[in-house]
Amino acid sequence: MDRLRAGDTTALDELLGLFGREVKAVAYTIVRNEADADDVAEDTFVTAWLKIASLREPYALRAWLLKITSRLALRRRARQHERTLSAADLSAPGTDQTTAIVDRAALDVALRSLPAGMRAAVALHYVADLTVDEVAQTLGRSRNTVKSQLRRALQHLRESLAEESAATRDAEVVQ
Amino acid sequence: MREDPFEERIREAIRSDAFSHDSPPTAERVQLRIQSATRSTRRWRAVWSLVSTAAIVLIAIGALAILRPSNGAPSGSEVAVRTQAPFSDSETPPPCPAGELRGQLVADEVEGVIILEESGLRRAVIWPHGYVARLNAGGLELLDERGQVVAHEGDQIVIGGGESGEGPDPPWLACGRLDVVEASSE
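Since we're looking at a predicted model, the values are computed, not measured.

Draft legend 1. Region of interest: the overall build of chain B. Of the regular secondary structure elements, chain B holds two helices and nine strands. When the helices and strands of chain B are read in sequence order from the N terminus, they spell out α-α-β-β-β-β-β-β-β-β-β. A burial count over chain B gives 33% of its 186 residues as buried. Surface summary for chain B: the accessible area is close to 12,100 Å², and the carbon and sulfur share equals 55%.

Quick look at the structure:
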């Protein structure tokens with residue numbers, strides 16, 4: 001922290017090494033496209049670098065970074081237009097492409113249909129492994145609101161994925 | 001509380017999806033953005049500093065203009081009064097009539113200031129060019145073309161000049177003397 005405040009760029013490298021992947025993953029879950037997720041992730045570390053003096057508690061660094069990420073991602077999400085899925089968005093190296101695309105396409109559709117705020121709660125709870133209380137603090141919402149959002153998100157994902165699964169089975173039967 | 005099986009599967013699927021895009025931000029790109037943001041911030045700070053300084057100067061000039069009218073006359077809001085047109089350098093002003101109007105200087109909603117004659121007649125006045133009336137906390141003041149206070153509301157004054165036209169109660173065309181014969185007690 002002291003090295004960051006002193007403007008030590010090697011400290012920035014270490015910060016990126018520690019939190020870069022997680023920040024990018026949370027950003028992607030919210031904005032749902034690679035290019036915007038890259039921008040949000042980079043902007044998160046730029047903001048952290050420029051405003052490190054405002055962070056009083058060093059042990060809250062990770063939560064602070066995720067708070068910045070969520071805020072920037074939600075802002076970006078509010079401005080973006082929904083893009084159609086591209087192969088690059090769907091490909092997962094080292095997995096069966098056909099199965100992965102069907103599952104991931106369904107998951108992507110289901111996640112995209114969630115309101116932005118709910119998506120942020122999902123990203124922080126399931127991707128960053130924050131507890132409900134931590135998610136509430138990060139997003140500036142009450143514990144009950146976050147619990148309700150996660151419950152409704154899960155229900156929506158369950159229904160969406162069940163529908164998609166049934167549609168896939170029907171398509172296979174027709175073929 | 002343990003997650004149900006579906007929630008566990010969803011968590012795995014979301015995490016797998018999120019972390020499959022394995023291109024975290026690089027130090028090089030972040031540092032480039034930091035440099036760009038710092039340059040932009042400096043530029044905006046310089047512009048803002050210039051704008052705010054200019055605004056403060058303009059406000060100060062405006063405040064001075066309001067608070068200090070010409071020739072150091074007291075501050076206040078100007079009250080519109082009728083005045084005569086100025087004479088150009090080539091024109092010879094007509095001789096001032098030898099008449100006198102006596103009465104009390106009082107405020108008037110329409111004329112700004114009028115003379116209340118002893119008979120009760122409210123006489124409008126066409127003041128010499130450059131005269132203005134000002135309303136201060138202390139009341140109405142009449143200022144001459146040099147910005148000097150020549151009379152206050154309530155003063156008994158004598159004005160030289162003459163009636164400006166035919167008909168009942170024509171306005172008084174003021175010229176020549178203007179003397180306060182009895183100052184207002186207020």
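Draft legend 2. Main features of unusual backbone geometry. The phi angle at A:R32 is positive, at roughly 65°, despite the residue not being glycine. Relative to the helices and strands, A:R32 resides in the loop between α2 (9-31) and α3 (34-51).

Draft legend 3. Representation of the interface of chain B and chain A in the model. Taken together, the 27 residues of chain B in the interface contact 37 residues of chain A. Taken together, both faces of the contact between chain B and chain A bury some 2,900 Å²; the carbon and sulfur share is 62%. The tally of links between chain B and chain A comes to eight salt bridges. Residue B:D17 pairs with A:R32 through a salt bridge whose shortest N-O separation is 2.9 Å.

Draft legend 4. Spatial organisation of the packing of helix α7 (residues 116-127) of chain A against helix α1 (residues 5-19) of chain B. Between α7(A) and α1(B), whose axes approach to 9 Å, the crossing angle comes to 95°. As judged from the angle between their axes, α7(A) and α1(B) are roughly perpendicular. Where α7(A) abuts α1(B), its residues A:V122, A:H125, A:Y126 and A:V127 lie against B:E7, B:R11, B:I14, B:R15, B:A18 and B:F19. Of the residues contributing to the contact of α7(A) with α1(B), the split by class is six nonpolar, one polar and three charged.

Draft legend 5. Inspection of the pattern of salt bridges at higher detail. This model, assessed by the stated rule, comprises 25 salt bridges over all chains. For A:R32, the salt bridge is made with A:D108, and the minimal N-O distance between the two is 2.5 Å. Of this pair, A:R32 sits in the loop between α2 and α3 while A:D108 sits in helix α6 (residues 97-112), placing them 76 residues apart in sequence. The same class applies to A:R32 and to A:D108, which are both buried. For the salt bridge of B:R102 with B:E100, the shortest nitrogen-to-oxygen distance reads 3.6 Å. Exposure remark for B:E100: the relative accessible area of 41% places this residue in the partly exposed category. One salt-bridge network, in which partners are shared between bridges, spans A:D36, A:D39, A:E42, A:D43, A:R76, B:R29 and B:R33.

Draft legend 6. Fine view of α3(A). Residue and element names in this part refer to chain A. Spanning 18 residues, α3 covers 26 Å between terminal C-alpha atoms, matching the ideal 26 Å at 1.5 Å per step. Regarding α3, the residues found buried are E34, D36, A37, V40, A41, E42, T44, F45, V46, T47, A48 and W49. Two or three places before A35, at the opening of α3, N33 has a side-chain oxygen 3.2 Å from that residue's backbone nitrogen.

Draft legend 7. Examining the state of the cysteines more closely. All names here are of chain B. A complete count under the given rule lists one disulfide over all chains for this structure. Here C96 connects covalently by a disulfide to C175, the sulfurs 1.9 Å from one another. Across the S-S bond linking C96 and C175, the dihedral sits near 90°, which makes this disulfide right-handed. With C96 in the loop between β1 (77-79) and β2 (99-108) and C175 in strand β9 (residues 172-182), the pair connects residues that are 79 residues apart, well separated along the chain. Accessibility expressed as a relative area gives 37% for C96, which makes it partly exposed.

Draft legend 8. Molecular detail of the nonpolar core. Membership of the largest hydrophobic core comes to 59 residues, with the highest contact counts inside it found for A:V26, A:F45, A:L61, A:V122 and B:I14. A total of 12 residues in this core trace back to one element, the largest contributor, which is α2(A). If we ignore the near neighbours within four places in the chain, the residues touching A:L61 are A:M1, A:L15, A:F19, A:I52 and A:L55. Counting 18 residues, the second-largest nonpolar core is a separate cluster that includes B:L101, B:L142, B:I157 and B:W172.

Draft legend 9. Looking closely at the sheet that holds strand β3 (residues 112-116) of chain B. Residues and elements named next belong to chain B. Sheet architecture is closed into a barrel: five strands sit in the order β2-β3-β4-β9-β8, paired in mixed fashion. Pairwise comparison of adjacent strand axes, ignoring direction, gives a mean angle of 50° for this sheet. Where β3 and strand β4 (residues 122-126) come together, three bridges link them in antiparallel fashion. From the neighbouring strand, I114 faces β4, where its bridge partner is A124.

Draft legend 10. The sheet that holds strand β6 (residues 139-143) of chain B, seen in detail. All names here are of chain B. With antiparallel pairing, the four strands of this open sheet are ordered in space as β1-β5-β6-β7. Every interior strand has two partners, whereas the edge strands, β1 and β7 (149-152), have only one. Neighbour-to-neighbour, the strand axes of this sheet turn through a mean angle of 35°, independent of strand direction. Across three bridges, the pairing between β6 and β7 is antiparallel. Across the sheet, residue E141 finds its bridge partner in β7, namely H152.

Criteria and cut-off values
Residues numbered from 1 in each chain as written. Chains lettered and ligands numbered in written order. Predicted model: local features only at pLDDT ≥ 70, side-chain atom pairs only at ≥ 80, totals over all residues. Heavy atoms only, no water. Helix = DSSP H or I, 4+ residues; strand = E, 2+ residues; numbered from the N terminus. Buried < 20%, exposed > 50% of the residue type's maximum accessible area, 1.4 Å probe, protein only. Areas by Shrake-Rupley, 256 points an atom, 1.4 Å probe, with all protein chains shown as cover. Contact = heavy atoms within 4.5 Å. Buried area = accessible area lost by both parts, 1.4 Å probe. Salt bridge = Lys/Arg side-chain N within 4 Å of Asp/Glu carboxyl O. Axes fitted to C-alpha atoms, helices over the stretch in contact; angles between N-to-C directions. Parallel < 35°, antiparallel > 145°, perpendicular 65-115°, else oblique. Nonpolar A, V, L, I, M, F, W, Y, C, P; charged D, E, K, R; others polar. Expected span 1.5 Å × (residues − 1). Polar contact = N/O pair within 3.5 Å; in protein donor to acceptor, adjacent residues only side chain to side chain. Disulfide = S-S within 2.5 Å. Core = buried A, V, L, I, M, F, W, Y, C linked by side-chain atoms within 4.5 Å. Pairing = 2+ DSSP bridges.

Note that all results are geometric; they support no functional claim without further evidence.
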